[in-house]
Amino acid sequence: MTTDSFAEQLLAWYDQHGRHNLPWHNNRTAYRVWVSEIMLQQTQVATVVPYYQAFMERFPNVEALAEAPVDDVLSYWSGLGYYARARNLQTAAQTVVEDFGGLFPETQEELEGLKGIGRSTAAAIIAQAFGKRAAILDGNVKRVLARYHAVPGWPGQTRVLNQLWEHAEAHTPDTRVRDYTQGIMDLGAMVCTRSRPACTDCPLQTGCKAYAREEIHLYPGSRPKKAKPEKTTWMLILEDKEGRVLLERRPPSGIWGGLWSLPEIDPAYGAEELQAACEHNLGLDCTEPELIRGFRHTFSHYHLHIQPARLSVAGEHTLRDNGQHKWLHRHEALSLGLPAPIRALLATPDQAILL
DNA sequence: TATGCGTGGGT
DNA sequence: TACCCAAGCAT
């Protein structure tokens, strides 16, 4: 495929207006590009930058990441969300060290074989790190292409997604792939934005079908609306005599998988049953619970009402430990990989409301 | 193939 | 306030 005018216009714009100094643009090793691409999945650049800097300082190369305790990796990911990315990142690092001698593979197929790397991320690594031709399709590119070609429908649908991939492949040039892939993402982030796009500044305006029809706002199609279910849960703040709090490691899958958090109790238990639940589930002898002001946390697919309850643990505790618990002072707990709302809860002084 | 997975920003 | 969505992938 020769460079069509789409790519030429885009590259000319990128040279003048694109972002050329993001942290992962310096010293573009496959490792550094890869970490940035994983962090940037569903996550905005401004959010990623400080995490990226700290992460690269602690895990400067793939070997350091491969051999680190998983708790270290998760603690550096704490607050970024989508924690499976962090677990997959370390798994993939171990694969690169053990199966590829510490060097990243350079083919689409081999890269996609690594945990957490899909079609678009593999392509981004190939283009950014190796300078070889590969088409990417992230949220920015989807928006640009959906508008440019007036592709109807929601990109979450496979049929729509496939059309966008075809356009992405068709426009990707043979030369300057690195700049092109960065450029089309920059255009989506800076000009072809979701709301109020700056079409007057757009290098692709003349060929843009949605612009010609004055229908920019129709593309890309929006996700079908769905009511978010409301869920509720108990979170226990169990304190011993020294003022330490009981932390519990969450199961490896599901929400906040693998993170340390507060012990969670099934909402089917009433407040008056929490004391018994502590004895039954954890083997702890507790005082009656004090309810702390609850709060609602919104996820992509549901709302979760988190109802904290504080209980004091009496005397010598005989915790039924399976390696998934630890007693820590609050300031120690905050250095763990905690879910954001739990971190906020522990950082705030309890405002107890007696039953 | 449709859904689950986090958090913060924009409107 | 409440909703939408963002440098997607795994299952």
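Just so you know, these numbers come straight off a predicted model, no measurement behind them.

Looking at this structure, I do not really get the packing of helix 9 (residues 139-148) against helix 11 (residues 177-190). What am I missing?
In a packed pair of helices, the relevant descriptors are the angle between the two axes and the axis-to-axis distance. Contact geometry of helix 9 with helix 11 gives a least axis separation of 8 Å together with a crossing angle of 80°. It follows from the interaxial angle that helix 9 and helix 11 lie roughly perpendicular. Between helix 9 and helix 11, the residues in contact are N140, V141, R143 and V144 and I184, M185, L187, G188 and A189, respectively. Considering only residue class, the contact of helix 9 with helix 11 consists of six nonpolar, two polar and one charged.

Looking at this structure, I do not really get the pattern of salt bridges. What am I missing?
Where side chains of opposite charge bring their charged atoms close, a pairing between them can arise. In this structure the tally under the stated criterion is 14 salt bridges. The closest approach of N and O atoms between D71 and R249, which form a salt bridge, is 3.0 Å. Residue D71 is found in helix 5 (residues 70-77), and its partner R249 is found in strand 2 (residues 245-249); the two are separated by 178 residues along the sequence. Between R133 and D174 there is a salt bridge, with the nearest N and O atoms lying 3.6 Å from each other.

I would appreciate a short explanation of the protein's contact with DNA strand C in the present structure.
Around DNA strand C, a shell composed of 27 residues is seen, among which L40, Q42, G116, D138 and N140 lie nearest. In DNA strand C, atoms within 4 Å of the protein come 67% from sugar and phosphate. Between a phosphate oxygen of DNA strand C and a main-chain N or O atom of I117, the distance comes to 3.5 Å. Counting residues per element, the ones that place at least two in the surface near DNA strand C are helix 8 (119-130), helix 9 and helix 11. Of the residues contributing to the surface near DNA strand C, the split by class is six nonpolar, 12 polar and nine charged.

How should the packing of helix 9 against helix 10 (residues 158-171) be read in this particular structure?
Packing of helix 9 against helix 10 brings their axes to within 10 Å, and their N-to-C directions diverge by 90°. The orientation of helix 9 with respect to helix 10, classified from their angle, is roughly perpendicular. Residues K142, L145, A146 and Y148 of helix 9 form the contact with helix 10, whose participating residues are L161, L164, H167, A168 and H171. Of the residues assigned to the contact of helix 9 with helix 10, the class counts are six nonpolar, two polar and one charged.

Basis of the calculations
- Residues numbered from 1 in each chain as written.
- Chains lettered and ligands numbered in written order.
- Predicted model: local features only at pLDDT ≥ 70, side-chain atom pairs only at ≥ 80, totals over all residues.
- Heavy atoms only, no water.
- Axes fitted to C-alpha atoms, helices over the stretch in contact; angles between N-to-C directions.
- Helix = DSSP H or I, 4+ residues; strand = E, 2+ residues; numbered from the N terminus.
- Parallel < 35°, antiparallel > 145°, perpendicular 65-115°, else oblique.
- Contact = heavy atoms within 4.5 Å.
- Nonpolar A, V, L, I, M, F, W, Y, C, P; charged D, E, K, R; others polar.
- Salt bridge = Lys/Arg side-chain N within 4 Å of Asp/Glu carboxyl O.
- Near = heavy atom within 4 Å.
- Polar contact = N/O pair within 3.5 Å; in protein donor to acceptor, adjacent residues only side chain to side chain.

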